[in-house]
Amino acid sequence: MNTSEKADRGSLRFRYIKLCIFFSGLSVFAQLYLFQPMLPMAAEQFGVTVGDTSLLVSSSTIGMASGLLFFAFKADSYSRKKLMVFSLLSSALLTIISTWIPSLALLIAIGILKGFVVSGVSAVALAYLTEEVQLAVVPAAISMYLSGNTIGGMSGRILATIFAGEFGWRNAVLIIGLESLTLGLIFWKLFPESKFFTPQKTDYHQKVKQMKNFLSSAYMLRLYFIAALLMGVFVSVYNYLTFRLEAKPFSLNHYVIAFIFLMYIFGVFGTMITGRLSKRFTKNNILKGFIVLMLCGIGLLLSENIYIVIPGLGIFTLSFFAAHTMASQMTALHAKKGKSSATSIYWLFYYFGSSILGSGTGYLLHSFSWNIFIAVLIIAIIAALLLATANTSAENNG
């Protein structure tokens, strides 16, 4: 098929792709971090520590990472659309089922399974976009997907916090599950089938070879570790900021804290800004710039003044999503062959970073102070900056 037939800006096909890919991100991230703002409620209800309750979030990301490892081998064996539809509908049903789960251990187990099935979306979404739309509008399509991730994460957290306060956490889970089921059904109806990809029998030898190539590429490996570090830092901040804001000197109630998650709007701006900046600067310089901005934002979270903390969180959120958008684009565009393998490995590192740092820093915070917690996260961001700096010459040579 002639590649000129790929979806281009202004076409009906491109509009459906953008809308549905946005809805997929909205659904996945509304579910994935559903319990994040309710961790203090869970800690009180189940009588466990901060680190233990963080497993409600990390279980889903561990499942996501495991699923991405599986789909790194199997994604190309399935229709792109059918895999994404299955992931969206089955994950929504698992979220609804979570409403009636009585114990923390069972909720964690459901979270792992939910993360595994929903990983089918992340495993192929970027590959689908690079295959089905014109190269010139790939960044716009990817930004739309990541904007869905951002708004899904924000709306899920805000709704979960408000409804949990009004009707109890179980009803909050049910509402998010029904919303996600609706989005999955719309996606099933409207999302265009692939024109430039057909399912193929998995060639495990070729897949292993592709993955070895990506993992032995210093350029790609550094991008993967950047994703792991930045996502781990981001999840750590949002996991435990609720505890910080409920305690002295802030002493905020949960309704006010819910709207702290409106900071995710800045994440949407971050994904949009990268598209404009990429016309003027190299991708890696944009990545480095936003990592530096992340450092500035997280430094402000050390303050005990809420009017400094809130702008700091906004800067931190915007710069994280901008950096993540750029790193994921760099990964998808650098991979000439085996795009689904390249992007699956990216998400694998991304969610392992979320799981390991997201829970590990909870135990750190429980044992030490907020300042020590932030100091460790700053070290992780600096490590990501050093990795991006090392990639500068590789990008210029490429």
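One structure accompanies this document, and this report is about it. (Residues numbered from 1 in each chain as written. Predicted model: local features only at pLDDT ≥ 70, side-chain atom pairs only at ≥ 80, totals over all residues. Heavy atoms only, no water.)

**As for the overall build of the protein**
Then, number 1: Scanning the protein for helices and strands turns up 17 helices and zero strands.
Then, number 2: Against the globule reference of 21 Å for 398 residues, the protein gives a C-alpha radius of gyration of 20 Å, in line with a compact fold.
Then, number 3: Dimensions of the protein along its principal axes, counting C-alpha atoms only, are 60 × 45 × 40 Å.
Then, number 4: Within the protein, the proportion of its 398 residues that are buried is 59%.
Then, number 5: Sequence-distant contacts in the protein: of pairs separated by 6 or more residues, those separated by 24 or more amount to 85%.
Then, number 6: Accessible surface for the protein amounts to roughly 15,400 Å². Of this, 68% is attributable to carbon and sulfur atoms.
Then, number 7: Across the protein, 29 positive and 14 negative side-chain charges occur, with their mean positions spaced 8 Å apart. (Helix = DSSP H or I, 4+ residues; strand = E, 2+ residues; numbered from the N terminus. Rg over C-alpha atoms; globule rule 2.2 N^0.38 Å. Buried < 20%, exposed > 50% of the residue type's maximum accessible area, 1.4 Å probe, protein only. Contact = heavy atoms within 4.5 Å. Areas by Shrake-Rupley, 256 points an atom, 1.4 Å probe, with all protein chains shown as cover. Lys, Arg positive; Asp, Glu negative; His and termini not counted. Charge placed at Lys NZ, Arg CZ, Asp CG, Glu CD.)

**Some points on the packing of aromatic side chains**
Describing an aromatic ring pair means giving the distance of the ring centres and the angle of the ring planes.
Then, number 1: In this structure the tally under the stated criterion is 24 aromatic pairs.
Then, number 2: Their ring planes at 20 degrees and their centres at 4.3 Å tell us that Phe187 and Phe191 sit as a pair that is stacked. With respect to class, Phe187 is no different from Phe191; both count as buried.
Then, number 3: Measuring from ring centre to ring centre gives 5.0 Å for Trp370 and Phe373, while their planes differ by 35 degrees; the resulting arrangement is tilted. Here Trp370 pairs with Phe373, and both are found in helix H16 (residues 370-390), just three residues apart, close to one helical turn.
Then, number 4: With relative accessibility at 0%, the residue Phe373 sits in the buried group.
Then, number 5: Here a set of aromatic residues connected by ring pairs shows up, and it is made of Phe234, Tyr238, Phe316, Phe320 and Phe321.
Then, number 6: The ring of Phe196 has Lys6 lying over it, and the distance from NZ or CZ to the ring centre is 5.5 Å. (Phe/Tyr/Trp six-rings, centres within 6.5 Å; stacked < 30°, edge-to-face > 60°. Lys NZ or Arg CZ within 6 Å of the ring centre and 35° of its normal.)

**Things to note about the packing of helix H6 (residues 104-132) against helix H7 (residues 138-167)**
Then, number 1: Relative to each other, H6 and H7 sit at 155 degrees, their axes nearing to 9 Å. Taken together, the axes of H6 and H7 lie roughly antiparallel to each other. Between H6 and H7 lies a crossing of right-handed hand. When H6 is examined against H7, the residues Val121, Ser122, Ala125, Leu126, Leu129 and Thr130 are found in contact with a partner set consisting of Val138, Ala141, Ile142 and Tyr145.
Then, number 2: When its residues are assigned to classes, the contact of H6 with H7 shows eight nonpolar, two polar and no charged. (Axes fitted to C-alpha atoms, helices over the stretch in contact; angles between N-to-C directions. Parallel < 35°, antiparallel > 145°, perpendicular 65-115°, else oblique. Left-handed = near helix turned anticlockwise from the far one by under 90°. Nonpolar A, V, L, I, M, F, W, Y, C, P; charged D, E, K, R; others polar.)

**Observations regarding the layout of surface pockets**
Then, number 1: The volume enclosed by the largest pocket comes to roughly 410 Å³.
Then, number 2: Lining the largest pocket are 14 residues, with Pro139, Ala140, Ser143, Met272 and Gly275 positioned closest to its centre.
Then, number 3: Mapped onto the lining of the largest pocket, the elements with two or more residues apiece are H7 and helix H12 (264-277).
Then, number 4: Ranked by residues supplied to the lining of the largest pocket, first place goes to H7 with five residues.
Then, number 5: Looking at the lining of the largest pocket residue by residue, the class counts come to five nonpolar, five polar and four charged.
Then, number 6: Estimates place the volume of the second largest pocket at around 280 Å³. (1 Å grid on protein atoms, 1.4 Å probe; cavity = no way out; pocket = protein on both sides within 12 Å on 5 of 7 lines; lining within 4 Å. Points joined across faces, edges and corners; volume = space filled by probe spheres on them.)

**Side note on the side chain of Ser355**
Then, number 1: When you line up the elements, Ser355 lands in helix H15 (residues 339-367).
Then, number 2: Of the residues examined, Ser355 reaches a relative accessible area of 6% and is grouped as buried.
Then, number 3: Among all residues touching Ser355, those that are not within four sequence positions of it are Ser58, Thr61 and Ile62.

**Considering the environment of Leu245**
Then, number 1: Note on placement: Leu245 falls in helix H10 (residues 218-246).
Then, number 2: Considered as a pair, Leu245 and Val309 are 64 residues apart in the sequence and their alpha carbons are 9.9 Å apart.
Then, number 3: Residues in contact with Leu245, not counting those within four places in the same chain, are Phe250, Ser251, Leu252, Ile257, Ile260 and Ile306.

**Quick look at the environment of Trp347**
Then, number 1: On the secondary structure map, Trp347 appears in helix H15.
Then, number 2: Classification of Trp347 as buried rests on a relative accessible area of 0%.
Then, number 3: Beyond its immediate sequence surroundings of up to four residues, Trp347 is in contact with Leu68, Ser122, Leu126, Tyr145, Leu146, Asn149 and His324.

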